[in-house]
Amino acid sequence: MQDMPAGPVANGPLVGRSEELARLVGLVGVEPSNAPKTAVLLSGDAGVGKTRLLAELRTRAQDRGWRVLVGHCLDFGDSALAYLPFSEAFGRLVTETPELAASLVEASPAVASLMPGRRLLSELDHGPGPRIGRADLFEGVGAALRELSRAAPLLLIIEDVHWADQSTRELLSFLFTRQSADFLTIVASYRSDDMHRRHPLRAAAAEWFRLPGVSRVQLQPLADADVRALVRVLHPTPLLEANVRQIVARAEGNAFFTEELVAAAGLGGRALPTDLADLLLLRLDQLDDSTRLAVRAASVAGRQVSHDLLTHVVGIGDDSLERALRAAVEHNALVAVGADGYAFRHALLAEAVYDDLLPGERVRLHAAYAEALAKHDLDGTAAELARHARLAHDLPTAIAASIQAGDEAMAVAGPDEAARHYETALALLADADTLLAAGPVDVVDLAIKASTAAAAAGQPFRAVALVKEALDGLATDAPASQRAALLAARAAVEMLSDSSVDILALTAEALQLTPQTPPSALRAQVLSAHARASLDRNRDDEAVRWATDALHLGRQLDLPDVIADAATTLARLQDRSGDSDSSRRALEQTVAEARTAGEVAAELRGLFNLGSLHYEAGRLTEALSVYESAAGRAREAGRPWAPYGIDARALAGVVAYVAGDWDHASRIIDVAGESPPAMAEAVLTSVGLSVAAGRGRHDALDLLPNLRPWWDRDGLVAIFTGGPTIDLHGDRGDPTSAIEVHDRVVSAVCRLWQVPAFEAQIRLSGLLLGQLGTAAGRSGGAERTTLASRGERLVAAVSEVLEHSRLRGRRRGPEGKAWLARVSAEHARLRWLTGSDPPDEDELVTAWLSAVAGFEAFGHVHELARSRLRLAGILRAVGRPAEAAEHLREARSVAVQLGAEPLLTELRGLGVATSGPAAAESRRSDQLTPREHEVLLLVAQGRSNSDIARHLYISAKTVSVHVSNIMAKLGAASRTEAAALARRRGLLTDPGP
C-alpha cells in the first residue's frame with residue numbers, strides 16, 4: 001500500500017483559531033476538567049485550515065500524554081480501498097509500537113485484516129485469508145480502540161471523510177453509536193463545500209449529528225485581521241499595504257488561498273497561481289455541460305451577476321438555465337444572492353473559471369453582455385458596459401462608456417476608479433482610426449480630467465505623466481487655449497510633487513497664451529497657478545500681484561475654486577511678511593468659504609496651511625487638531641490620498657510624536673486595512689519610523705528597502721526617514737551607516753528641491769552630531785579625530801543653511817530655534833569628548849541649557865528628555881550632581897512613560913536606575929495590555945519565545961515585540977529583571993519558576 005502521511009503536523013504559529021482550538025480541546029477532553037464527547041465532526045471549506053487545526057490538537061493531546069492515531073481518506077474515485085483510514089492508523093501503530101499492535105491482533109483477530117501488510121498484492125498472492133464478517137470486524141476495531149484507550153487516553157483523527165468509502169462511513173457510524181466509558185474520542189473532518197445534495201456523506205452526516213455523543217465544529221473563514229496576521233507570518237519581510245489588502249480581499253478568509261497568494265506576491269505576480277487555479281477548477285469537472293456553460297458565462301460578469309442578465313447571455317432557454325443554475329448552487333460553485341442574482345462561492349473561483357476560457361469564448365460572451373447593457377433594458381453601470389465593450393473590441397462604445405464611468409466615479413468621490421476609466425479611454429483613443437470612429441471627443445479635456453483624478457487619488461507622478469503626454473502629443477496647429485490649459489494643469493500637478501521642472505516658466509507661457517479679454521475661467525486658473533509658482537520661487541511681490549488679479553477675476557466670474565486658491569496664496573504671503581494673525585484669520589475664512597462652495601481641494605489646501613501655521617508657531621495642540629481635521633475631511637470626501645489630505649495626516653503623526661503621544665501617532669499613520677498608493681504609504685511609514693527609533697525598535701530598519709527608492713522622488717520621505725534612521729544606526733553602534741544615511745538624504749533633497757541647503761538639515765545635523773558624540777565616548781584617539789573632523793563639516797553645513805535662510809528672508813520658529821541650539825550643544829559635547837578645541841565647562845553647560853530651553857519652549861517631549869539627559873551627564877562630569885538630579889528625574893520619567901529604550905539605556909549608562917519605586921510612579925501596571933500580561937506571566941515562568949508563541953497561538957516574532965514592549969514599560973534591561981520587577985509591583989500572582 002502507498003506510504004501515507006503520518007498525520008497533521010504543526011508548522012508555524014496557529015493564526016486566528018484560538019477560539020476553535022479551545023472548543024475542540026474541550027470537546028475532545030484533552031483538558032481533564034472536560035467531559036469528552038464520543039466524536040467531533042470538524043467541517044469547513046477546502047483550504048480553510050482544518051488540517052492545521054487538527055495538527056495543533058494532535059500536539060496538545062500528545063503533550064498531555066494522549067495516544068493519537070491518524071488516518072486519511074483519499075480521492076480514489078470508484079477505486080477506494082475499503083477502511084483505508086483505519087488501515088493507515090493501525091499501520092502506523094505497527095511501525096511505531098509493533099509489540100502493542102501484535103497484542104491487539106491477538107486480542108481482536110479481526111483487526112489483522114486491516115493491517116497494511118495483509119492488503120498488499122504480494123501478500124494476497126499467497127491466497128486469501130479467512131473471511132471476516134462485517135459485524136466481527138466492527139466489533140474487533142471497537143475492542144482494539146477501547147483496549148488502546150485503557151493504557152492512555154486515545155484520540156483517533158480521520159481526515160477528509162468526504163472521500164470516505166461506504167465501508168468506512170459505516171464503521172464510523174458503528175463507533176459513533178457505541179458510547180464508552182473509556183477515554184476514546186474520534187475527530188472526523190470533511191469539506192463542507194463538497195457536500196452537494198447527492199453526496200454520499202450527506203445522509204450519514206445527518207444521522208451522526210443526531211447522536212447524543214457527537215458534536216460538530218464548523219470552521220468559518222478567517223477574519224480579515226487574522227488573514228492579515230497570516231500574511232505577515234508567511235511573508236516576514238514588509239509588503240506594501242495595498243498588496244496585503246489585495247491578498248486579504250482575494251483570499252476571503254481561506255488559509256490555503258492566502259498561502260498561495262502570498263507565494264505569488266513573493267514572486268512579483270498577481271495572476272492566480274497555477275496549482276490553486278487547477279484545484280479550484282476541479283469543482284467544474286463534476287458539472288454537466290449546461291451547468292459549465294452557465295458558470296463560465298457568469299465568470300465573465302465578475303463575482304456576481306443578475307438572473308436576467310445571465311439569461312440574455314447564456315441563451316439556452318429558461319428551463320435549462322434554471323436546472324443548470326440549481327446544479328451549480330448544489331455543487332457550491334455559485335450561491336444565490338438577493339432575490340435575483342448569483343455569486344461565486346469564492347472570488348478566486350470566478351478568476352480561475354474566467355482565466356480558463358478560450359480567447360474566442362471570452363470575446364463572444366463579453367459582446368453578449370455589452371449588447372444587453374447597451375440596450376438599457378437591463379440594469380447595469382457605465383463601468384460594466386465599458387469593460388465588456390472593451391474586451392469585446394467594441395471600441396467606440398468602450399470609449400464613451402469609460403468617459404461616462406469616470407465622470408460618475410468623480411461625482412461619487414471615487415478618484416481611483418475615475419482615473420482608471422479616463423486612462424482607459426485615453427489609451428483607446430491613441431489609435432487614429434479609433435479616434436475617428438469614436439466621434440467628437442475632447443482629448444485635451446479628457447487628459448486634464450485623468451490627471452486631476454490621478455492627483456486626487458494620491459498619484460502625483462502619474463498625474464504629471466498624463467498631462468505631459470497630452471502636451472507632447474498636441475498638434476502644432478492646436479488652439480492656444482488648449483496648450484494654455486494643459487500648461488496650467490501640468491504646473492498644478494508639478495507643484496504637488498518634488499519636480500525639477502521650471503514651474504514658473506510653465507505658468508508664464510500659459511499666461512501669455514490666455515488673453516485678458518474677454519475674461520475667462522481659464523485666465524483666472526492660470527493667474528492663480530502663476531501666483532503659486534511665484535510664491536514657491538520666493539518672488540513674493542509678484543505672487544501678491546498675480547494672486548490679487550486671480551482673486552478679482554474669480555469673484556467676477558464666480559469661480560469658488562480660484563477664489564479659495566488665490567486667497568490661500570495671499571494668506572501664506574501675509575504670514576511670510578510677519579503678520580501671522582492676519583494670515584490665520586484669512587485661512588480660516590478661506591476654509592469656511594471653500595467648504596460652503598464644496599471645493600474640497602481648496603479646502604484641504606487651506607486646512608493644511610492653517611495647520612502648518614500653528615505648527616511653525618509651536619502651537620502643537622491647535623496644529624494637531626487642524627491636521628486631523630484636514631485628514632478627516634479628505635476621508636469624508638472619498639479622497640484620503642489626495643494632496644494636502646495625506647500631507648496633513650502625515651504631519652498629524654509628526655505632531656503627535658513631538659507632543660509625546662506616540663501611541664496616537666502610531667494610530668494616525670497606521671494604514672492596515674486601507675489601500676494607499678505606494679507614495680502615500682511611504683510617507684506615512686517614514687513618519688512612523690520616529691516612534692520605532694524612539695523605542696529602540698531596530699527591526700524597523702527592515703523597512704528601508706521599501707523607503708530608500710522614494711528618497712530620490714519625495715523630499716519629505718527622505719527627511720522623515722533620515723532622522724530616525726540616523727538614530728537607529730547610531731544607537732546600535734554603527735556611526736558609519738548613520739553618516740551614510742545623513743549624506744544620502746541631504747544629497748537627495750538638495751537635488752530634488754534644487755537648493756544648496758534646506759531647513760530640516762539642521763535637525764539631521766543635530767541628530768548625527770549626537771551620535772558622533774556618543775561614538776566618541778567609546779572610541780580611541782584616531783577615530784575621535786575623524787569624528788571631530790566630521791562634526792566640523794556638519795556645523796559648516798548648518799552655517800550654509802542659515803545663510804540660505806537669511807537670503808530668502810525666512811523667520812525661524814520654535815522648532816528651528818530648538819534644533820539650532822541642539823546643534824551647538826551637540827557640537828560642544830563632541831569637541832569636549834574628542835579634545836578637539838574643547839569648550840570650557842561653562843560654555844558646555846550653557847549650550848545644553850539653551851538646548852533644554854529650546855525644546856521646552858517648542859514642546860518636543862522626547863528631544864527635551866534627551867537634552868535633559870545629556871545636560872545631566874555633563875553636570876555630573878563637571879562636579880554639579882545636585883543640579884543634574886532634577887534633569888535626570890525628568891528624563892527618566894519621560895523615558896519610562898514613552899518606553900524610549902535608547903534613553904533608558906543611556907540612563908543606565910549613567911548609573912541611574914530605570915526601575916523601582918521612582919520609575920513605578922511613572923508607570924502604572926494597567927499600562928500593560930491584556931496580551932502583555934499573558935506574555936509576562938509566561939516570561940516569569942522561564943518560557944522561551946517559541947514556547948510562548950506555541951502556548952498563545954501567535955508567532956515568535958510577535959512574542960518578541962511583546963517582550964520588548966514589556967521590558968520598555970517596566971524599565972527592565974533583561975527578561976529576568978522584567979519578571980523580578982513585575983513580582984515586586986504585584987503584577988504577577990504566581991510563585992514563579
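Predicted, not measured: the structure shown is a model, and the values here were computed from it.

*Asks:* Is there a simple way to explain the overall build of the protein chain in this structure?
*Replies:* Looking only at helices and strands, the protein chain has 49 helices and eight strands in total. Put simply, the protein chain has 993 residues, and 52% of those count as buried. The long-range fraction of contacts in the protein chain, counting pairs at least 24 apart against all pairs at least 6 apart in sequence, stands at 67%. Of the roughly 42700 Å² that the protein chain leaves accessible, carbon and sulfur atoms contribute 51%. Charged side chains in the protein chain number 105 positive and 128 negative. The centres of these two groups are separated by 4 Å.

*Asks:* Explain the side chain of Ser299 here, please?
*Replies:* Locating Ser299 in the fold gives a position in helix 13 (residues 289–301). Assessed through its relative accessible area of 3%, Ser299 is described here as buried. Excluding residues that lie within four positions of it along the chain, Ser299 makes contacts with Phe344, Ala350, Val353, Tyr354 and Leu357.

*Asks:* For this particular structure, what's the right way to read the side chain of His742?
*Replies:* Note on placement: His742 falls in helix 37 (residues 735–753). On the accessibility criterion, His742 (5% relative accessible area) is buried. When near neighbours in sequence (up to four residues on either side) are disregarded, His742 contacts Ile726, Leu764, Ser765, Leu768, Arg790 and Leu794.

*Asks:* What exactly am I supposed to notice about the packing of helix 12 (residues 274–281) against helix 16 (residues 347–355) here?
*Replies:* Between two packed helices, the angle of one axis relative to the other and the distance separating the axes together describe the packing. Contact pair helix 12 / helix 16: the axes reach a minimum separation of 9 Å and the direction vectors enclose 95°. Here helix 16 runs roughly perpendicular to helix 12, going by the angle between their axes. Counted together, Leu276, Ala277, Leu280 and Leu281 of helix 12 and Leu348, Leu349, Ala352 and Val353 of helix 16 form the full contact between these two elements. For the contact of helix 12 with helix 16, a count of residues per class yields eight nonpolar, no polar and no charged.

*Asks:* I would appreciate a short explanation of the confidence of the model for the protein chain in the present structure.
*Replies:* For the protein chain, per-residue confidence averages 86 on the pLDDT scale, and residues scoring 70 or more make up 90% of the total. Looking across the protein chain, the model is least confident in helix 5 (residues 121–124), with a mean pLDDT of 39, and most confident in helix 32 (residues 645–658), with 97. Segment residues 1–5: pLDDT under 50, and 14 contacts once partners within four positions in sequence are set aside and those in other chains are kept.

*Asks:* What am I meant to see in the packing of helix 26 (residues 521–536) against helix 28 (residues 560–576) here?
*Replies:* It is the contact of helix 26 with helix 28, at a shortest axis distance of 9 Å, that shows an interaxial angle of 20°. With respect to helix 28, the axis of helix 26 lies roughly parallel. Crossing angle aside, the handedness with which helix 26 passes helix 28 is left-handed. For the pair helix 26 and helix 28, the contacting residues are Ala524, Gln525, Ser528, Ala531, Arg532, Leu535 and Asp536 in the first and Asp561, Val562, Asp565, Ala566, Thr569, Arg572, Leu573 and Arg576 in the second. Looking at the contact of helix 26 with helix 28 residue by residue, the class counts come to six nonpolar, three polar and six charged.

*Asks:* Teacher, can you tell me more about the packing of aromatic side chains here?
*Replies:* Describing an aromatic ring pair means giving the distance of the ring centres and the angle of the ring planes. This model, assessed by the stated rule, comprises 11 aromatic pairs. Seen in terms of ring centroids, Phe256 and Phe257 are 6.4 Å apart; in terms of plane orientation they differ by 55°. Their pairing is tilted. Take Phe256: its relative accessible area is 25%, and that puts it in the partly exposed class. On the basis of an interplanar angle of 15° and a centroid distance of 5.4 Å, the ring pair of Tyr657 and Trp662 is categorised as stacked. Judged by its relative accessible area of 11%, Tyr657 falls in the buried class. Three or more aromatic residues joined by ring pairs form one cluster here, namely Tyr83, Phe138 and Phe174. Over the ring of Tyr354 we find Arg387; its NZ or CZ atom is 5.9 Å from the centre of that ring. For Arg545, the ring lying beneath its charged end belongs to Trp546, and the centroid distance is 3.9 Å.

*Asks:* Got a minute to help me understand the nonpolar core in this structure?
*Replies:* If you look at soluble globular proteins, the nonpolar side chains tend to sit buried side by side. By size, the foremost hydrophobic cluster in this structure holds 114 residues, and its most contacted members are Tyr615, Tyr627 and Trp711. The residues touching Trp711, leaving out its near neighbours within four places in the chain, are Leu704, Val717, Ala718, Thr721, Val741, Arg744, Val745, Ala748 and Leu752. One finds Leu230, Val244, Leu280 and Leu429 within the second-largest nonpolar core, a separate group that totals 113 residues.

Definitions and limits used
Residues numbered from 1 in each chain as written. Predicted model: local features only at pLDDT ≥ 70, side-chain atom pairs only at ≥ 80, totals over all residues. Heavy atoms only, no water. Helix = DSSP H or I, 4+ residues; strand = E, 2+ residues; numbered from the N terminus. Buried < 20%, exposed > 50% of the residue type's maximum accessible area, 1.4 Å probe, protein only. Contact = heavy atoms within 4.5 Å. Areas by Shrake-Rupley, 256 points an atom, 1.4 Å probe, with all protein chains shown as cover. Lys, Arg positive; Asp, Glu negative; His and termini not counted. Charge placed at Lys NZ, Arg CZ, Asp CG, Glu CD. Axes fitted to C-alpha atoms, helices over the stretch in contact; angles between N-to-C directions. Parallel < 35°, antiparallel > 145°, perpendicular 65-115°, else oblique. Nonpolar A, V, L, I, M, F, W, Y, C, P; charged D, E, K, R; others polar. pLDDT = per-residue confidence, 0-100. Left-handed = near helix turned anticlockwise from the far one by under 90°. Phe/Tyr/Trp six-rings, centres within 6.5 Å; stacked < 30°, edge-to-face > 60°. Lys NZ or Arg CZ within 6 Å of the ring centre and 35° of its normal. Core = buried A, V, L, I, M, F, W, Y, C linked by side-chain atoms within 4.5 Å.

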